[in-house]
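Architecture at a glance
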Amino acid sequence: MTSAVAPDIDLDDLLGDEAINHPERYYAKLRQKSPVLWNKRWKGWIVTSHEAVLAGYRDAARLSSDRFSGPFGAELRNAESSSQQLLGFLSKFFVWKDPPYHTRARALVNRAFVPKNLEVIRPSIQKLVRELADPLRGGEPVDFLSRFAFNLPVIVISEFLGVPQEARNDLHAWSEDLGAVIFVRGHDDEKLKRGEAAMTKLADLLRPIVQDRIAAPREDVLSAFAQPNENGERLSEDEIIANAALMVFAGHETTMNLLANGIVAFHQFPDQWQMLRKDPTLAPKATEEMLRFDGPIRGLGRWAKESFDFSGQRIAQGDRVLLVQHAANRDPAAFDEPDKLDITRWPNRHAAFGQGIHTCMGAPLARMEVQEALTYLAGEFVSIEVTTPKLEYNPTIVSRSLKQLNVRFHES
Ligand code: HEM
């Protein structure tokens, strides 16, 4: 992850080696040309300055998140008809909706994200971190993604929602297939079919649990989703299922990739690991810096509901816009020495959780997981060494995810 001079590259190639494996160099080149730049291949605007990315996230009035109308909707509508059930569920994901649907659904779901519900699961997160860290011992390289990073968030989200223990392995398996659709690893029919199968199984798994919580609420998040608000409005059974599924993916793949990218960052900046070991109270700032330095989302799409001027460019009604968080987080206009991991950096106005009406709802939970993991791992392991010879990232526009990550954790 050096910022050495980039080779001559095709700036329109968002999926080329330079963009995928050296994003800080690639996005810097785009930003230098223009913070809002037309991309011929993607047929949309790529936004790379901190100021413009945050402005874009805040501008829900002009930049739509709706995946079922506008240019993204056309792509989905072209999908095979067998995927209609999947699309039916996805169409209830409020992250892909504009007001007023978004406002109503977010408010109903948000009631579950109260500090009480979060603090209740902190001890289980701590216990889980200790258990999952055991296989990392012994000084041999371990597959960090499958042994640790994959497991922690999916078990935590199951616990948070109140999914019974015996159903968690299935959740684990299906979330990956659905993730392939949600994180836009292509909308090809094969993937949509796998996503469809996963969503059907997930819905079958969740439906009796949701019905039970509607009939007999408990002290858990699914029960909170099921409760009517003070105006008597409530989410329908399908909406509860869809939003529980949304939590699984929104919270799973992101947190997993953040943990993995963070380990790579500490391998590259071993002095920062030592600093954290000396002062574990830095874990919250270190978590924010991991989110800034190499967060799990590269960028997210929007489309223009009307024509408007945006950072010197004329955006036309219907144009697609990609708000690149990774680029915002490495913008030298916003951060001193942006390509350096500095776990004391403060304030840290990174864009990793978005901004505005769609700001990540699970941020407190993700932070808690990562802070607990960091505190424990830094306490136990004197150093970390990435042993995968050449790190490669999945070719997607949306996520920043490693294909493989083997790590040796040194206990002494
Ligand atoms: C490091 C981990 C995470 C990152 C980087 C992350 C990032 C984001 C971002 C950037 C958005 C905004 C989407 C947009 O504007 O289109 C978002 C929304 C959301 N996130 Fe997260 N997220 C993480 C973890 C979680 C977790 C653990 C949960 C659930 C427990 C979660 C639930 C959600 C939900 C429900 C939304 C939709 C909010 C809305 O549309 O109003 N996220 N997340």
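Residues numbered from 1 in each chain as written. Predicted model: local features only at pLDDT ≥ 70, side-chain atom pairs only at ≥ 80, totals over all residues.

The next point concerns the site of the ligand. The full set close to the ligand counts 26 residues, and Gly251, Gly354, His358, Cys360 and Gly362 are the nearest of them. With seven residues, helix α13 (residues 237-268) is the single largest residue contributor to the shell around the ligand. Broken down by class, the residue content of the shell around the ligand amounts to 17 nonpolar, eight polar and one charged. (Near = placed C-beta within 6 Å. Helix = DSSP H or I, 4+ residues; strand = E, 2+ residues; numbered from the N terminus. Nonpolar A, V, L, I, M, F, W, Y, C, P; charged D, E, K, R; others polar.)

To continue, consider α13. With 32 residues, α13 extends 47 Å from end C-alpha to end C-alpha; this agrees with the ideal 46 Å at 1.5 Å per step. For α13, a buried count of 27 out of 32 residues is recorded, marking the element as mostly surrounded by other parts of the structure. (Expected span 1.5 Å × (residues − 1). Buried ≥ 20, exposed ≤ 12 C-beta atoms within 10 Å, placed from the backbone.)

This next bit is on the environment of Val36. Here Val36 shows up in strand β1 (residues 36-39). The spacing of Val36 and Ile46 is ten residues in sequence and 5.6 Å in space, taken between C-alpha atoms. Contact partners of Val36, with chain neighbours within four places excluded, come to Trp45, Val47, Ala52, Phe310, Ser311, Gly312 and Gln313. (Contact = placed C-beta atoms within 7 Å.)

Moving on: the nonpolar core. One finds Val47, Val53, Phe225, Ala244, Ala245, Leu259 and Ala260 to be the most contacted residues of the largest nonpolar core, which totals 114 residues. If near-sequence neighbours (up to four positions away) are discounted, Ala260 is found in contact with Phe144, Leu145, Ala149, Leu402 and Leu405. (Core = buried A, V, L, I, M, F, W, Y, C linked by C-beta atoms within 7 Å.)

Turning our attention to the sheet that holds strand β4 (residues 142-143). Taken in spatial order, the three strands line up as β4-β10-β9 in an open sheet, and their pairing is antiparallel. The strands lining the two open edges of the sheet, one partner per strand, are β4 and β9 (383-386). Where β9 and strand β10 (residues 406-410) come together, four bridges link them in antiparallel fashion. Bridging across to β10, Val386 finds its partner in Val407. Helix-sheet contacts for α13 involve β9 and β10, and the interaxial angle to β9 is about 105°. (Pairing = 2+ DSSP bridges. Axes fitted to C-alpha atoms, helices over the stretch in contact; angles between N-to-C directions.)

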